[in-house]
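Architecture and fold: a report
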Amino acid sequence: MKIRITDSSFVWMHRALDIAVPFSLLYLIATVYGIPWHDRYTFMGLLGGLSLTFFNQATGVYTGWRGRSLFAGFKMVLQAWAMTWMFLIVMAFVLKDGVNYSRLTVTLWALITPIGLFAYRFIIRLILARLHAQGWNKRNIAIVGAGFLGQRIAETLHESKMLGYEPVAFYDDAAALKGTKVSGVPVAGTIADLLASTTVENRYDEVYIALPMRSEERIKTILNAFADSSVTVKFIPDFFSFDLLHSSLTDIGGIPIISVYDSPLNSSGKAMLKRLEDVVVSSLIIILISPLLLAIAAAIKFTSTGPVIFRQRRYGINGEEITVLKFRSMTVCDDGERITQAKKNDVRITKVGAFLRRTSLDELPQFFNVLAGNMSIVGPRPHACAHNEQYRKLVPKYMLRHLVKPGITGWAQVNGWRGETDTLDKMEKRIEFDLHYIDNWSLWLDFRIIVLTFLKGFINKNAY
């Protein structure tokens, strides 16, 4: 689980700079190379900046930026800029507007803008870190509870110096800890020592309560004691004791709501971003591979009896049934209550089918599933309905893989967990990688999986 730091007032400054920096750099490049500036450049510069801001918002760049490392944040900005460029290319194609721009100017703009976006973020963080180091807006924090949760808080605040929060003392009832240091922070005494102190308001700006949930009565006592002071008190729920999946904190009418098992794509912005990725990539791939699709279809038709396309019921997002398309690779088309997985040297596999399965070419019709919207380019591989019903009873959290659309390729597949699952531990590893993908989804991770699929994912010793 990650500690997500909330938004700050700097977000609007980031948004303004994310519009101004691309526009300014485009103007500067055109000026340096003597390219006449006209209204089409003005339109492209503003559209690029506004699009970048939108994609930054959709990918979460502006959410919790203060608690995120500089390079982790920049990676998100880079993928947003890539999506901006994809959008600008599509717009130029639709409007037939490419002839109005200098290729040199536009290419340099595409390459230099990420450097400018990184540079201003680096400068802002450098300034904030210097100011906080000099005591500007610095806040001293006392942490009640030196257990796992308290240590995680202290370590997070140490790593995020620019926040200006400095953990200066632990208070814990374990007498043996008094006078020692935990995570580099001294244990100043017991909780009773803290409550009895008359100088708390002068020594600490904020007190974080990081006790386990079972200490409900102890927590109430502490809160009641601090009700008679002007110290800011914050309660940190012990969510680390739960195994959460893409957890987040929201509110409905002022009531805090914790998402325990959630999908990153429940955000409309991220869902739209993912859909744009699917439509653009699948459309390009279908155009490129159309001759191959026709050749494979002909080979299947003339070498064995039966349909060219095999349709099978599988579970999609939210566990809803979908029909997945594949090139037929067997002499049978099983889709009943019991389905026997393909094994090595399976007699049901045709000669053409053996090649298609070994190279994963039998999966190519699923790009039409992607265009139809019931699959994605990247996601957990869909299993036959019969296998879902079998494994959901055997593998904990199996059905959580259906929080997102199934994919043609996935994190489990590029890490070697594909093919026959003849033992339960193989399916458990596949689910482990599927859930890792859901918990850590980003366009950057999708791009990485697509590249790895081309490098090593098509031909695999487990594909038969």
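All values derive from a computational prediction rather than experimental measurement.

Parameters and conventions
- Along each chain, residue indices are assigned from 1 in the same order as the chain's sequence is written.
- Per-residue local features are limited, in this predicted model, to residues with pLDDT of at least 70; the limit for side-chain atom pairs, both in listing and counting, is 80 or more; totals at the level of whole chains, interfaces and linings are taken over all residues.
- To obtain the side-chain values, all non-hydrogen atoms of the structure were included, while hydrogens and water were left out.
- Every helix listed is a DSSP run of H or I at least four residues long, and every strand listed is a run of E at least two residues long, numbered separately from the N terminus.
- To sort residues, take the accessible area from a 1.4 Å probe on protein chains only and compare it with the maximum for the residue type: under 20% means buried, over 50% means exposed, and anything in between is partly exposed.
- Nonpolar side chains (Val, Leu, Ile, Met, Phe, Trp, Tyr) are joined into patches within 5 Å and like charges within 9 Å, using only residues with over 30% relative accessible area and no salt bridge.
- Reported accessibility uses the Shrake-Rupley method at a 1.4 Å probe radius. Residues are deemed covered only where the shown protein chains occlude them.
- A carboxyl oxygen of Asp or Glu within 4 Å of a side-chain nitrogen of Lys or Arg is what we treat as a salt bridge.
- How sure the predictor is of each residue is captured by pLDDT, a score from 0 to 100.
- Throughout, a residue-residue contact means that at least one pair of heavy atoms, one from each residue, lies within 4.5 Å.
- To obtain each axis, a line is fitted to C-alpha atoms, and for helices this fit is confined to the stretch in contact; angles are then taken between N-to-C directions over 0 to 180 degrees.
- Take the far helix as the reference: if the near one is turned anticlockwise from it by less than a right angle, the crossing is left-handed, and if turned clockwise, right-handed.
- Each residue receives one of three labels: charged for Asp, Glu, Lys and Arg, nonpolar for Ala, Val, Leu, Ile, Met, Phe, Trp, Tyr, Cys and Pro, and polar for the others, Gly being one of them.

**Points about unusual backbone geometry**
In this structure, Asn318 takes a positive phi of about 60 degrees despite not being glycine. Within the secondary structure layout, Asn318 lies in the loop between β9 (309–315) and β10 (321–327). By relative accessible area, Asn318 is classed as exposed at 58%. For Lys397, which is not a glycine, the phi torsion comes out positive at approximately 65 degrees. The residue Lys397 is located in the loop between α12 (385–391) and β12 (407–409) in this model. Residue class for Lys397 comes out partly exposed when judged on its relative accessible area of 28%.

**Some points on a nonpolar patch on the surface**
Residues Phe43, Val90, Phe93, Val94 and Leu95 make up a contiguous nonpolar surface patch of about 500 Å² in total accessible area. Per element, the largest residue contribution to the nonpolar patch is 4 residues, and it comes from helix α3 (residues 70–95). Note that Leu95 resides in helix α3. You can call Leu95 partly exposed: its relative accessible area is 44%.

**Remarks on the environment of Tyr62**
With respect to the helices, strands and loops of the structure, Tyr62 is situated in the loop between α2 (39–59) and α3. Using a relative accessible area of 3% as the deciding quantity, one classes Tyr62 as buried. Once the C-alpha coordinates of Tyr62 and Gly73 are considered, the two residues, 11 residues apart in sequence, prove to be 9.0 Å apart.

**A few points about the confidence of the model for the chain**
Summing up the model confidence of the chain, the mean pLDDT is 81 and the portion of residues at 70 or higher is 84%. Contacts from residues 1–7, a stretch scored under 50 in pLDDT, to residues over four places away or in other chains number 20 contacts.

**Quick look at the packing of helix α1 (residues 10–32) against α2**
Relative orientation of the contacting elements α1 and α2 amounts to 145 degrees, with a least axis distance of 8 Å. Regarding α1 and α2, the two cross each other, and that crossing is right-handed. Contacts between α1 and α2 involve Arg15, Asp18, Ile19, Pro22, Phe23 and Leu26 on the former and, on the latter, Tyr41, Thr42, Met44, Gly45, Leu46, Gly49, Leu50, Leu52, Thr53, Asn56 and Gln57. In terms of residue class, the contact of α1 with α2 is made up of 9 nonpolar, 6 polar and 2 charged.

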